[in-house]
Amino acid sequence: MEGTAKLETTVAPKVPARSRGRTGASGWGPWAVHFSATAVARLRAVRSTMRQRPHISNHDAPAAPSRSGDRRRRFGLRPRLTAVLGLMATALVVLVATAISRGGAPGLAILWAVAGLATGWIGSWGLTGWLLAPMGRDLRTLAEACRGIDGDTSEPPPVPRAPTEGHQGMAELFDAFEAMAEGLGSSREELRSALAEGERLRSELEEEVASRDEEIRRRTLVLEEVNLDLERLAREDGLTGIANHRRFMEFSEQCWRICAREQQPVALLMADVDRFKAYNDIYGHQAGDQCLKQVSRAMADIARRPLDLAARYGGEEFSIVLGHVDLDDAWTLGEQLRRSVEDLRIPHSGSPDYGVVTVSVGVASVRPERGTEVSTLIAMADRALYLAKSNGRNRTERSGVAGR
């Protein structure tokens, strides 16, 4: 009896206090509650982690992700499934351990519980990886295709290969993505064609504009030449090439103002071809035109300075404006003109006194004053010319010294 008492004394402390005086499933209730609460807490922690995980777009993703990051992307759904399967395995182990404890072997029940729990967690982890591995590959294929779309726009977007096995939803996702990639490819081809057409139109437009610019430039040059010709015709005599009556009046008024400002004299020579009507009647109008051209060249030889101008006043009458020339110098130049024409020795049978073409010259010179006009100078030169013709022609006469 003493040995028996000692044995009971020795064995009694090894029995857990929570199981003393308890039978059936009530002794393992706290263990079941503990394992259940642990599994639920793990599930809640995983759900909280998944909700707090920031969204990473294609543009924000690193170029070379680490192995751990790639693993997380591959098995992003594993923690949830692991928690669920682990909870199921824990419940199963609790039931088995409860059944064993009813048979009277608490130590064996504990070993079974630990072994079952470990087996459940390991099995759930491997089962989850096996279930999610194809989905991870498919998702990586989609991610690579998305990065290809965001890359070089000169190449058509990649079309991902649809999974040969897996869930129907994933296959539909691949079909939708393939349709989207094909639509992007066709849109890109249309855009490339539109850009090529726009470039062609731009080139044609530039060529057309260049051609129009060249045509405008050419026509502008033609118009400028025509304007110059019109201006020249408006100021030059068409037969002799020297200034016409209009240019003579413009220049004489301009020279008059200049000499009035500088208080310098202005001279005017008026010359008329003697018996020119008889010359036309005898030799014809063409010969008369040639005679006028030769006389005009002799007139141009006298007017060489900037303030000099030789002009055809009208018909067979010519004039020379001479700025800064007094009456004596003007008479000298008039006599020089008369001799130059006579020296041309143009035959004129209608001139009984000389037998050649001659001119009569009237000379006038005045110093412009306030209130006077160039018409005064013209009237004085015309009177001197009339005097030269009245005195026998082929003469140089002067008229007054007004303004000296």
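Residues numbered from 1 in each chain as written. Predicted model: local features only at pLDDT ≥ 70, side-chain atom pairs only at ≥ 80, totals over all residues. Heavy atoms only, no water.

Visitor: Describe the side chain of D272, listing the residues and the values that go with them.
Guide: Within the secondary structure, D272 is located in strand β1 (residues 266-273). D272 gets classed as buried once you look at its relative accessible area, which sits at 9%. Within the local environment of D272, its side chain forms a polar contact with the side chain of K389, the two groups lying 2.6 Å apart. Those residues in contact with D272 that lie beyond four places of it in its chain are E316, E317, T358, V359, S360, L385 and K389. (Helix = DSSP H or I, 4+ residues; strand = E, 2+ residues; numbered from the N terminus. Buried < 20%, exposed > 50% of the residue type's maximum accessible area, 1.4 Å probe, protein only. Polar contact = N/O pair within 3.5 Å; in protein donor to acceptor, adjacent residues only side chain to side chain. Contact = heavy atoms within 4.5 Å.)

Visitor: Lay out the pairing of β1 in plain terms, naming residues and giving numbers.
Guide: When you tally the buried positions in β1, you get 8 out of 8 residues, the bulk of the element. Here β1 shows no split at all, with V266, L268, M270 and D272 on one side and A267, L269, A271 and V273 on the other all buried. Relative to strand β3 (residues 317-323), β1 runs antiparallel, the two being bridged by 7 bridges. Bridged to V266 within β3 is G323. (Pairing = 2+ DSSP bridges.)

Visitor: Got a sec to walk through the pattern of salt bridges? Specific residues and values, please.
Guide: Scanning the model with the defined rule gives 22 salt bridges in all. Among the ionic pairs, E208 bridges to R212, the shortest N-O distance being 3.0 Å. With E208 and R212 both in helix α6 (residues 168-235) and 4 residues apart, the pair spans about one turn of that helix. With relative accessibility at 38%, the residue E208 sits in the partly exposed group. For D237, the salt bridge goes to R312, with nearest N and O atoms at 3.3 Å. In this pair, D237 is assigned in the loop between α6 and α7 (245-262) and R312 in strand β2 (residues 308-314), connecting sequence segments 75 residues apart. Neither D237 nor R312 differs from the other in exposure class; each is buried. (Salt bridge = Lys/Arg side-chain N within 4 Å of Asp/Glu carboxyl O.)

Visitor: Give a detailed account of the sheet that holds strand β4 (residues 359-366), specifying residues and quantitative values.
Guide: Taken together, 5 strands build an open sheet; the order of strands is β2-β3-β1-β4-β5 and the sheet is mixed. Edge positions in the sheet fall to β2 and β5 (396-398), since each of these pairs with one other strand and no more. Put simply, the sheet's adjacent strands are angled 20° from each other on average, direction ignored. Against the sheet, helix α11 (residues 374-390) touches β1, β2, β3, β4 and β5, its axis set at about 145° to β4. (Axes fitted to C-alpha atoms, helices over the stretch in contact; angles between N-to-C directions.)

Visitor: I'd like a description of the pairing of β3, backed by residues and values.
Guide: With respect to burial, β3 is a largely interior element, 7 of its 7 residues being buried. Residues of β3 alternate between two faces, with E317, S319, V321 and G323 on one and F318, I320 and L322 on the opposite face, all of them buried. Counting the residues in the hairpin turn of β2 and β3 gives 2 residues, including G315, whose phi is positive at 65°.

Visitor: Tell me about the confidence of the model for the chain, and name the residues and values.
Guide: Mean pLDDT over the chain: 74, with 54% of residues reaching 70 or higher. Across residues 1-28 the pLDDT falls below 50, and counting only partners more than four positions away or on other chains, this stretch makes 15 contacts in the model. Counting interchain partners and residues more than four positions distant, the pLDDT-below-50 stretch residues 53-77 has 17 contacts. (pLDDT = per-residue confidence, 0-100.)

Visitor: Talk me through the packing of aromatic side chains; I want residue IDs and the actual numbers.
Guide: Counted according to the given criterion, the structure contains 3 aromatic pairs. Ring centres of F276 and Y279 lie 6.3 Å apart, and the angle between their planes is 10°; this geometry places the pair in the stacked category. Here Y279 and F276 lie together in helix α8 (residues 276-283), a separation of 3 residues that amounts to about one turn. Assigned by exposure class, F276 and Y279 land together as buried. Among the aromatic residues, those joined into a ring-pair cluster are F276, Y279 and Y283. (Phe/Tyr/Trp six-rings, centres within 6.5 Å; stacked < 30°, edge-to-face > 60°.)

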